[in-house]
Amino acid sequence: TRQQVQQSNRAYVTLSTDPKSISNKQTGLGVTYSRVKQVRDYFLDKTYRKESGRSMFYEVSTEVMEEVESQLGELNGEAFQTTMTDFWTAIQELSKDPSSSVTQGMLVQRAAEFVQRAGAVYSGLSSYQNNLNTQIKQNVDKINKYGNQLLTLNDQIRAIESGGIEHANDLRDARNQILDELAELTNMTFSEDRYGSVSVQIEGVDLLRFLEYGKTILFLPICGYTLSVDVRADGTRDYNIDGAEVFDLSVEISSDLNTDIGGLKAMPLARGDHRANYTDLAEGKYDSVSQSVVMNIQGEFDQMIHNVVTKVNDILAKAAGVQTGDLELADGTKLENARYCTVDPDGYMRMEDGSPIQLFTKVTTDGYEKVSVKEADGSLKDYWVMKKEDPDSPESLYTIGNLQVNPALTKEPSKLGFRLADGSEDKETADALKAAFTEEAYTLNPNVQKKTTFVDYYTDLVSQVSNSGYVFRSIYENQVSTVEATQSAREQVIGVSTDEELSNMIKFQNAYNASSRY
């Protein structure tokens, strides 16, 4: 940083005093070295650090959106759009010739590819969450390292400047460099006391105070976004900081509120705090995932797969004779709005055990449960009852992680049959499957009003990712320009110019020569 030598008057020698005069008769002894000060602009430092933090926030957000696009395969590799189109084509071919073993086999094959590719996309998004965890941990360790370095520099600067003569400018340069680095990672504010020590607040949390009171600090947004600290090295002090949240991810992200500053904050915000599925898009729950890029895409993508799977299964269930009504079990338990059918191994669209055929099944649990029902005449009769999905019971959900194509159909696709009891083709069920893909009945999330089909749903999902990525990229590019302009103005104040230094050396050399000759 540019430095200036400051000089001050030496003490005057008083020759005589005269009360009648305006001033005493004095002679000066010239000037003496006072200090070497840094030339800095506090306003430019503050502006640069805030804008560089905002730039890093949108740089990380842009990288996240690009990674999501990559996982969907829209930039390179196999796009999921192809898988959707292939499945839709298989259903169209089935509607032309439902009883053909070729079209039935193609349907099952495309369904298996659909599930496999969906699982790969979701797994990729989940792996990226783990990747973000690693990046967060690395940045947290870096912040802790910087905090300890600041504590050391504070001690060294106080020791040197306590005499009031020397100024530890080289150490101050090192400290300011660390503050610049911290500003990129976090929404950081700083202040300096009269003793020369600097204090740093990150998101309103005093970083150095926690480091002083504990031997280690765990600044981990991974674990509940809280700051925790160990006992002191001697074991006599346990500094309690329960509830000292570092990041409040429920706050709206806005430049007006200055909540979009710091590359570290962008990471847990993008990553979220769990693996999202379609249940997170329900009314009242969506706000908890809406600001997380990865969780939002996970939820919307899983919702699309869930809608396709349940719709196809429902159409096959209707063909198998599944109806809706109230049942009373043998033990007196009442089931309201249950979906059930009789046990009929020889029935249409049924498995060997008499349960309705499902194209898509859950990995962990069965789709139907056999129950004993009390009839009106008091007799007992067995029924197959479709198990309801429970958001609090993950194994009951038709989610990507709990989904497979019916193993029995994989081995023998012709089990679908699509031939009614009279030997005719079941054109109605095949057409219902085709109509399901053209029905505009689905929305991306509770904040979107536009109804869309299965195929267009995915297109809208990709467009949403693309538009968000474009916005982040535009803001980031604007921020880069702002940071460069601020840094340029800053360098004009604090930067060291070799030309200026050389001209000063020549000036001082000539001045010395003139003085020595005089």
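To keep things clear, this report deals only with the structure shown in the data block. None of these values were measured; they are calculated from a predicted model. (Residues numbered from 1 in each chain as written. Predicted model: local features only at pLDDT ≥ 70, side-chain atom pairs only at ≥ 80, totals over all residues. Heavy atoms only, no water.)

Concerning helix α2 (residues 80-96)
The terminal C-alpha atoms of α2, which comprises 17 residues, lie 25 Å apart, in line with the 24 Å expected from a rise of 1.5 Å per residue. Listing the buried residues of α2 in full gives Phe 80, Thr 83, Met 84, Phe 87, Trp 88, Ala 90, Ile 91, Leu 94 and Ser 95. Down the axis, α2 shows its buried residues gathered within 150° of arc, on one side only. Residues of α2 that are buried make contact with α1 (42-72), α3 (101-161), α7 (293-319), β12 (360-362), α9 (427-436) and α10 (454-494). (Helix = DSSP H or I, 4+ residues; strand = E, 2+ residues; numbered from the N terminus. Expected span 1.5 Å × (residues − 1). Buried < 20%, exposed > 50% of the residue type's maximum accessible area, 1.4 Å probe, protein only. Arc of directions from axis to C-beta. Contact = heavy atoms within 4.5 Å.)

Quick notes on the sheet that holds strand β14 (residues 380-386)
Adjacent strands of a sheet pair through backbone hydrogen bonds, lying either parallel or antiparallel. Reading across from one edge, β10-β11-β14-β13 is the order of the four strands in this open sheet, with antiparallel pairing throughout. The two strands at the open ends of the sheet, each matched to only one other strand, are β10 (323-328) and β13 (368-374). Here the average twist between neighbouring strands, direction ignored, is 60°. Across five bridges, β10 lies against strand β11 (residues 334-342) in antiparallel orientation. Paired with Glu 328 across the strands is Lys 334, a residue of β11. (Pairing = 2+ DSSP bridges. Axes fitted to C-alpha atoms, helices over the stretch in contact; angles between N-to-C directions.)

Let's talk about the sheet that holds strand β7 (residues 205-206)
Taking strand neighbours across the sheet as the criterion, the three strands line up as β5-β6-β7 in an open arrangement whose pairing is antiparallel. The open sheet has two edge strands with one neighbour each: β5 (188-192) and β7. Judged from the five bridges that link them, β5 and strand β6 (residues 198-202) form a sheet pairing that is antiparallel. Counterpart to Thr 189 in the pairing with β6 is Gln 201.

Comments concerning the side chain of Arg 350
With respect to the helices and strands, Arg 350 occurs in the loop between β11 and β12. Buried and without a salt bridge, Arg 350 has Asp 344 as its closest oppositely charged side chain, separated by 5.4 Å. Separated by 2.7 Å, the side chain of Arg 350 and the backbone oxygen of Thr 342 make a polar contact. Polar contacts involving the side chain of Arg 350 include one to the main-chain carbonyl oxygen of Gly 354, which spans 2.6 Å. Apart from the residues lying within four places of it in its own chain, the contact partners of Arg 350 are Ala 320, Cys 341, Thr 342, Val 343, Asp 344, Pro 345, Ser 355, Pro 356 and Ile 357. (Lys, Arg positive; Asp, Glu negative; His and termini not counted. Salt bridge = Lys/Arg side-chain N within 4 Å of Asp/Glu carboxyl O. Polar contact = N/O pair within 3.5 Å; in protein donor to acceptor, adjacent residues only side chain to side chain.)

Considerations on the packing of α2 against α10
Between α2 and α10, whose axes approach to 10 Å, the crossing angle comes to 175°. The angle between α2 and α10 places the two elements in the roughly antiparallel class. Where α2 approaches α10, its residues Phe 80, Gln 81, Met 84 and Trp 88 are matched on the opposing element by Phe 454, Val 455, Tyr 458 and Thr 459. Classifying every residue of the contact of α2 with α10 by side-chain character gives six nonpolar, two polar and no charged. (Parallel < 35°, antiparallel > 145°, perpendicular 65-115°, else oblique. Nonpolar A, V, L, I, M, F, W, Y, C, P; charged D, E, K, R; others polar.)

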